[in-house]
Amino acid sequence: MCSKDPSKPYLRIPPWLRVKIPCNKTYSATRELVKDLSLNTVCQSAKCPNMFECFSEHTATFLIMGNTCTRNCAFCNIESGDIPPLDPTEPARVAEASKRLGLKHVVITSVTRDDLADGGAAHFAATIRAVRTELLESSIEVLIPDFQGDEDALNFVIEAQPDIINHNVETPPMHYKDIRPQADYKQSLELIERVKSAGAIAKSGLMVGLGENDEEVQGVIDDLADIGCDIVTIGQYMRPSLKHPEVLRYVHPDVFEEYARYGKGKGVPHMYSAPLVRSSYNAALFAGLKK
């Protein structure tokens, strides 16, 4: 876990991170639809600060393969524990929800399922195909785990032909031991490079505020640029609960803009960097589907 100098006062949440919470019929309808179809969303499970905005715009990011993770990343609000078996009806229910919401861009992610031989890759592929059958005109983005470096598992996802394949590196490599101990930075980069080599649109992202400095952030951008990553997102880490690491710095919006300029200067085509940016936030906009 990240530690903080006890001599320093707790950081106060800056004004640019204070989110207005809308409460309208669209928000309630989205929440009820997800509940009625017995689906999970990363919006709810990860306590995303943008949930109210996204649900109010009739959109959500689907979380497949249960709501319990086989890993225990320090930053994440999703719990580890007893793992449920895969539900073969889930792909069809995700497709139905996507259809009812009228989504033009469908974003699907998952918990990490190291207990499965393929890490859940075949289930991802089945979900992609189910959504494609119901929504021929819509684009599909998946945010996938690392499948423990299994190339065959990754190929299951690639062969299902989602429009964008995202895998987040999350933080600079020197912080993996504390923040992402069951993952491997080099392995994550290799996955993204294989996605790009297969001809898919490759996307990745990271958080700031977990002890890294700006030079380390630039180093990650350099690495992603070197392997041809098409889309990079950078957002502010926000502590989901008192059990999670403290925020060690709040990065000013101007610095986020500097990250974006740096990435574009290094050749990353699409840089989305701002305090409230998350990998699936405004994904349709990032995919060029909204203006």
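Here's what I pulled together on the structure shown here. In this text the structure is predicted, and so the values were computed from the model without any measurement.

When its secondary structure is counted, the protein shows eleven helices and eight strands. Relative to its full complement of 291 residues, the protein shows a buried share of 52%. Sequence-distant contacts in the protein: of pairs separated by 6 or more residues, those separated by 24 or more amount to 73%.

Moving on to the sheet that holds strand β4 (residues 139-143). Across the sheet, which stays open at both edges, the eight strands sit in the order β1-β2-β3-β4-β5-β6-β7-β8 with mixed pairing between neighbours. Every other strand in the sheet has two partners, leaving β1 (40-41) and β8 (270-273) as the edge strands with one partner each. Across six bridges, strand β6 (residues 201-208) lies against strand β7 (residues 231-236) in parallel orientation. Bridge assignment links K203 to a residue of β7, and that residue is I231.

Next up on the list: the pattern of salt bridges. Opposite charge on two side chains lets them pair, provided their charged atoms get close. With the rule as written, the count across this model stands at nine salt bridges. Between R113 and D115 there is a salt bridge, with its nearest N and O atoms 2.8 Å apart. A residue is classified by how much of its surface remains accessible, and R113, at 2% relative accessible area, is buried. We classify D115 as partly exposed; its relative accessible area is 42%. Bridged by salt links that share partners, the residues E212, D214 and R249 form one connected network.

Our next topic: unusual backbone geometry. Its identity is not glycine, yet F147 carries a phi of approximately 50°, on the positive side. If you trace the backbone, F147 turns up in the loop between β4 and α6 (151-159). One non-glycine residue, Q148, adopts positive backbone phi at about 50°. With respect to the element layout, Q148 can be found in the loop between β4 and α6.

In this section: the pairing of β7. Counting buried residues in β7 gives six out of six residues, a clear majority hidden from the surface. Judged by which residues are buried, β7 turns out to be covered on both faces: I231, T233 and G235 on one side and V232, I234 and Q236 on the other are all buried. Strand direction decides the pairing type here: β7 and β8, joined by four bridges, are parallel. Bridging from a neighbouring strand, V232 pairs with M271 of β8. On the question of chirality, the crossover connecting β7 to the parallel β8 by way of helix α10 (residues 253-265) is right-handed.

Moving on, we come to the environment of V255. For V255, the location among the structural elements is in helix α10. Spatially, the C-alpha atoms of V255 and A274 are 8.6 Å apart, while their sequence positions differ by 19 residues.

Let us look at the packing of helix α4 (residues 90-101) against helix α5 (residues 121-134). Their axes nearest at 8 Å, the elements α4 and α5 cross at an angle of 35°. The crossing of α4 and α5 is right-handed. Listed contacts from α5 to E90, P91, A92, V94, A95, S98 and K99 of α4 are H123, A126, T127, A130, V131 and E134. Looking at the contact of α4 with α5 residue by residue, the classes come out as seven nonpolar, three polar and three charged.

About the thresholds
Residues numbered from 1 in each chain as written. Predicted model: local features only at pLDDT ≥ 70, side-chain atom pairs only at ≥ 80, totals over all residues. Heavy atoms only, no water. Helix = DSSP H or I, 4+ residues; strand = E, 2+ residues; numbered from the N terminus. Buried < 20%, exposed > 50% of the residue type's maximum accessible area, 1.4 Å probe, protein only. Contact = heavy atoms within 4.5 Å. Pairing = 2+ DSSP bridges. Salt bridge = Lys/Arg side-chain N within 4 Å of Asp/Glu carboxyl O. Right-handed = clockwise from strand over helix to strand, strands pointing away. Axes fitted to C-alpha atoms, helices over the stretch in contact; angles between N-to-C directions. Left-handed = near helix turned anticlockwise from the far one by under 90°. Nonpolar A, V, L, I, M, F, W, Y, C, P; charged D, E, K, R; others polar.

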